[in-house]
Amino acid sequence: MATSRGLGRALAYLESRKNLVGSAAGVGGLALTFTGLAGAYWPVVVAGLYGAGALIAPPERPDAPAFANPAEQLDEIRADFTKLRAYLAEVDLPPTAAGRLTELTEVLAALLEPGWVADALAMDAEGVHSLSRAIRQDVPESVDTFVRTRWWTRLQPGTEPPERHLERQLTVLYDEARALATALREAESRRQETHTRYLEDRHRPPGT
């Protein structure tokens, strides 16, 4: 393992800028040797020029990691939202919870619909994260927990109905989704107002 890493580092150095620049400088030293300018100290000259070239060469810069851009993230979230809706279609929920879930999924669908809303959302990293968390974690976990808890409630009647917790959870998630939509709308309004002021200030005569 250590030998393999050492060999890899050696090969990487051979291809590095420092080695290439140092080698070019060393070749210059050999040229001086052939012309007789380096004299008997040519090995020192060649080694010195190589070292100087390697020293002044810019360091290697690793490539920055390539992360998915917001548009790609939204495409992935849309695909997961499709899977979520297919799962929810197979779950039997009480009428009140089912109604609240329908309202929630309609807001989520509107946020993910390609167009100006999705474009605005793509510029809001926190909004993308919030939407991803709701679709990939919060909603499926709430519904799945209800389904499992309801089964135990049937064996132990008299406990608090699990649908009440589900309704409260879905209400919180619905409010979060609506708040995200409102924040996006307000951000677009502020952006429009800022652009209006910019245009008006640009065309306003000096001194007015």
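The structure displayed is predicted, hence computed values, not measured ones.

Asker: How do you make sense of the overall build of the protein chain when you look at a structure like this?
Answerer: Looking only at helices and strands, the protein chain has eight helices and zero strands in total. Taken from N to C terminus, the helices and strands of the protein chain fall in the order α-α-α-α-α-α-α-α. When each of the 208 residues of the protein chain is scored for burial, the buried share is 25%. At a minimum sequence separation of 6, the contacts of the protein chain that also span at least 24 residues come to 72%. Counting every atom, the protein chain has about 14,400 Å² of accessible surface; 59% of that belongs to carbon and sulfur.

Asker: Help me understand the packing of helix α5 (residues 95-112) against helix α8 (residues 162-203), please; the structure alone is not making it clear to me.
Answerer: When two helices pack together, their arrangement is given by the angle between the helix axes and the distance between those axes. Contact pair α5 / α8: the axes reach a minimum separation of 9 Å and the direction vectors enclose 25°. The angle between α5 and α8 places the two elements in the roughly parallel class. Here α5 runs over α8; the crossing is left-handed. Contact with α5, carried on its side by Thr-96, Ala-97, Arg-100, Leu-101, Glu-103, Leu-104, Val-107, Leu-108 and Leu-111, involves Leu-166, Glu-167, Leu-170, Thr-171, Leu-173, Tyr-174, Ala-177, Arg-178, Leu-180, Ala-181 and Leu-184 of α8 and no other residues of that element.

Asker: What exactly am I supposed to notice about the pattern of salt bridges here?
Answerer: It is possible for side chains of opposite charge to pair when their charged atoms get near one another. Per the stated rule, a full pass over the model turns up five salt bridges. Asp-75 is the salt-bridge partner of Arg-78, the closest N and O atoms lying 2.8 Å from each other. Here Arg-78 pairs with Asp-75, and both are found in helix α4 (residues 70-88), just three residues apart, close to one helical turn. The salt bridge partner of Glu-103 is Arg-100, with a shortest N-O separation of 2.7 Å. Of the two residues, Glu-103 and Arg-100 both sit in helix α5, three residues apart, roughly one turn of that helix.

Asker: Would you mind showing me how to read the confidence of the model for the protein chain here?
Answerer: Parts of the model with low pLDDT should not have their predicted coordinates read in detail. Scored by pLDDT, the protein chain comes out at a mean of 75, with 59% of its residues at no less than 70. Mean pLDDT across the elements of the protein chain ranges from a minimum in helix α1 (residues 2-14), with 48, to a maximum in α5, with 93. Below a pLDDT of 50 lies the segment residues 10-15, which in the model reaches seven contacts outside its immediate sequence neighbourhood of four places, other chains included.

Asker: Explanation requested: the packing of aromatic side chains in the structure shown.
Answerer: Both the distance between ring centres and the angle between the ring planes are used here to describe each pair of aromatic rings. Scanning the entire structure with this criterion turns up zero aromatic pairs. Across the ring face of Tyr-174, the terminal group of Arg-100 is positioned such that the distance to the ring centre comes to 4.9 Å.

Asker: How should the nonpolar core be read in this particular structure?
Answerer: Side chains of a nonpolar character, in soluble globular proteins, are inclined to be buried together. Counting residues in each nonpolar core, the largest one holds 30 residues, and the members touching the most others are Leu-104, Ile-135 and Val-139. Looking at this core, the elements that each hand over two or more residues are α4, α5, α6 (116-122), α7 (125-155) and α8. If we skip the residues at most four places from it in the chain, Val-139 touches Leu-84, Leu-88, Leu-101, Leu-104, Ala-134 and Leu-173.

Asker: Honestly, the environment of Ala-97 in this entry has me stumped. Any pointers?
Answerer: Here Ala-97 is to be found in helix α5. Sequence separation between Ala-97 and Leu-166 is 69 residues, and the spatial gap between their C-alpha atoms is 6.7 Å. Contact partners of Ala-97, with chain neighbours within four places excluded, come to Leu-166, Glu-167 and Leu-170.

Asker: I keep staring at the environment of Glu-167 and nothing clicks. Help me out?
Answerer: Of note, Glu-167 is situated in helix α8. For the pair Glu-167 and Pro-94, spaced 73 residues apart in the sequence, the C-alpha separation amounts to 9.4 Å. Aside from chain neighbours lying at most four places away, what touches Glu-167 is Thr-96, Ala-97 and Arg-100.

Asker: I keep staring at the side chain of Asp-138 and nothing clicks. Help me out?
Answerer: Tracing the backbone through its elements, the reader meets Asp-138 in helix α7. What Asp-138 contacts, discounting residues up to four positions off in sequence, is Arg-133 and Leu-173.

Cut-offs applied
Residues numbered from 1 in each chain as written. Predicted model: local features only at pLDDT ≥ 70, side-chain atom pairs only at ≥ 80, totals over all residues. Heavy atoms only, no water. Helix = DSSP H or I, 4+ residues; strand = E, 2+ residues; numbered from the N terminus. Buried < 20%, exposed > 50% of the residue type's maximum accessible area, 1.4 Å probe, protein only. Contact = heavy atoms within 4.5 Å. Areas by Shrake-Rupley, 256 points an atom, 1.4 Å probe, with all protein chains shown as cover. Axes fitted to C-alpha atoms, helices over the stretch in contact; angles between N-to-C directions. Parallel < 35°, antiparallel > 145°, perpendicular 65-115°, else oblique. Left-handed = near helix turned anticlockwise from the far one by under 90°. Salt bridge = Lys/Arg side-chain N within 4 Å of Asp/Glu carboxyl O. pLDDT = per-residue confidence, 0-100. Phe/Tyr/Trp six-rings, centres within 6.5 Å; stacked < 30°, edge-to-face > 60°. Lys NZ or Arg CZ within 6 Å of the ring centre and 35° of its normal. Core = buried A, V, L, I, M, F, W, Y, C linked by side-chain atoms within 4.5 Å.

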